[in-house]
Amino acid sequence: MRLFLALMPPPSLRGRLGALADAAQARCGGRRMPDESLHLTLAFLGEVEETRAAALVDWVSRLAVPPGEWRLNAWGRFQRPGIVWVGGQAPDPSLVALHCRLWDELESQGLEGRPSRYVPHVTLLRRAERLETEGLPTPALTWRYNRFELIQSITDARGSRYVSLAHSPER
Ligand code: ATP
Ligand code: MG
């Protein structure tokens, strides 16, 4: 099964991120992420066997992480797949540290796929027609988090949807 580790936004923030996605889509076109799919990927694990997935559920359920606040104050773009995202002006040090810590532990469990760089971001649009975010109001959101989740990504005829398999203990 296809898995990743993510922060999922609290309901109030989800609505605000959705409003940013609407504003971005009006400007850039493309496919808007549905509100229920908005997230921050901490680590993409890819295809994982059932037995390893069960071990990951157990690991996530025990791994409390430091709570934090992420300031979302910038638009961003990834040229190649035409992604428009919201995130920080620079990679948030606490999220980068969390990403590193998670990958240290994942690698000690034998998982592979650690990326060479990590830019914390929330994807709002896919396949944007115009990668132009100039002129959009500057985002100003704060994301308070105290846990992360293990998510299964399921692709069917209607596209991808996410199912939460486990979350870390809240701090
Ligand atoms: P689809 O690929 O069908 O458009 P999706 O991208 O939402 O749907 P996944 O591809 O399963 O679903 O990705 C889940 C999360 O992991 C997303 O945040 C995605 O950006 C991220 N992701 C996917 N592939 C990679 C990768 N190779 N490296 C880093 N992050 C990835
Ligand atoms: Mg994908």
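Everything below is about the structure printed above this text.
Every chain is numbered independently, its residues counted from 1 as its sequence is written. Each chain takes a letter, starting from A, and each ligand takes a number, starting from 1, following the order in which they are written. Local features in this predicted model are restricted to residues whose pLDDT is 70 or higher, and side-chain atom pairs enter the listing and the counts only when it is 80 or higher, whereas totals over whole chains, interfaces and linings include all residues. Each side-chain value is worked out from all heavy atoms of the structure, with water and hydrogens disregarded.

(A) Broad picture of the site of ligand 1. Whether a residue is near a molecule or strand depends on its heavy atoms: if one lies within 4 Å, it is near. Close to ligand 1 lie Arg2, Phe4, Arg31, His39, Thr41, Phe44, Arg126, Ser153, Ser160 and Tyr162, which account for all nearby residues. Taking Ser160, its side chain carries an N or O atom lying 2.6 Å from an oxygen atom of ligand 1. Residues adjacent in sequence count toward polar contacts only when both atoms are side-chain atoms; beyond that, a polar contact is any pair of N or O atoms within 3.5 Å, and within protein one must be able to donate a hydrogen and the other to accept it. Within the side chain of Tyr162, an N or O atom sits 2.3 Å from an oxygen atom of ligand 1. Relative to its free-state accessible area of 600 Å², ligand 1 is covered by the protein chains to the extent of 61%. Think of it as three bins: nonpolar holds Ala, Val, Leu, Ile, Met, Phe, Trp, Tyr, Cys and Pro, charged holds Asp, Glu, Lys and Arg, and polar takes everything else, Gly as well. A per-class count over the shell around ligand 1 returns 3 nonpolar, 4 polar and 3 charged. To be clear on the numbers: accessible area is Shrake-Rupley with a 1.4 Å probe, and residue cover counts the displayed protein chains and nothing else.

(B) Fine view of the pairing of strand β10 (residues 159–167). Pairs of strands are assigned from DSSP output, requiring at least two bridges between the strands. Runs of H or I in DSSP of at least four residues are treated as helices and runs of E of at least two as strands, each being numbered from the N terminus. The pairing of strand β9 (residues 149–156) with β10 spans 8 bridges and is antiparallel. Note on β10: the bridge partner recorded for Glu149 is His167.

(C) A look at the sheet that holds strand β2 (residues 31–32). Pairing within the open sheet is antiparallel, and its 4 strands lie in the order β2-β7-β6-β5. Only two strands of the sheet have a single partner each, and these edge strands are β2 and β5 (74–78). Here helix α1 (residues 11–28) sits on the sheet and contacts β2, β5, β6 (83–87) and β7 (121–126); the angle it forms with β7, its principal contact strand, is near 40°. Note on definitions: a residue-residue contact is assigned when non-hydrogen atoms from the two residues lie within 4.5 Å. For helices, the fitted line uses only the C-alpha atoms of the stretch in contact; every axis is such a line through C-alpha atoms, and the angle between N-to-C directions lies from 0 to 180 degrees.

(D) Quick look at the nonpolar core. What makes a nonpolar core is a set of buried Ala, Val, Leu, Ile, Met, Phe, Trp, Tyr and Cys residues whose side-chain atoms join them at distances within 4.5 Å. Using a 1.4 Å probe on the protein chains alone, a residue whose accessible area is under 20% of its type maximum counts as buried, one over 50% counts as exposed, and one in between counts as partly exposed. Counting 46 residues, the largest nonpolar core has Leu5, Leu42, Leu45 and Trp143 as the members making the most contacts within it. The greatest single-element share of this core, amounting to 6 residues, is contributed by α1. In this structure Leu42 touches Leu5, Ala6, Leu7, Leu95, Leu98, His99, Leu102, Tyr118 and Phe148, once residues within four positions along its chain are discounted.

(E) Broad picture of the environment of Trp85. Tracing the chain through its elements places Trp85 in strand β6. It is 4.4 Å that separates the C-alpha atoms of Trp85 and Thr123, two residues lying 38 residues apart in sequence. In contact with Trp85, not counting residues within four places along its chain, are Ala74, Trp75, Gly76, Arg77, Phe78, Val119, Pro120, His121, Val122, Thr123 and Leu124.

(F) Fine view of the pattern of salt bridges. Just to be clear on terms, a salt bridge is a Lys or Arg side-chain nitrogen sitting within 4 Å of an Asp or Glu carboxyl oxygen. One pass over the structure, following the stated rule, counts 13 salt bridges. Close ionic contact of Glu105 with Arg101 constitutes a salt bridge, the shortest N to O distance being 3.8 Å. Of this pair, Glu105 and Arg101 both sit in helix α3 (residues 93–108), 4 residues apart, roughly one helical turn. Given a relative accessible area of 25%, Glu105 falls into the partly exposed group.

(G) Representation of unusual backbone geometry. Here Arg127, not a glycine, exhibits a phi torsion of approximately 45°, which is positive. Among the secondary structure elements, Arg127 is positioned in the loop between β7 and β8 (141–145).

(H) Here's a closer look at the sheet that holds strand β3 (residues 40–47). Reading across from one edge, β3-β1-β9-β10 is the order of the 4 strands in this open sheet, with antiparallel pairing throughout. Edge positions in the open sheet fall to β3 and β10, since each of these has one partner strand only. Strand after strand, the sheet turns through a mean of 30° between neighbouring axes, direction not considered. Contacts from helix α2 (residues 50–62) reach β1 (2–7), β3, β9 and β10, with the element oriented near 55° to β10. Packed on one face of the sheet, α3 meets β1 and β3 and runs near 25° to β3.

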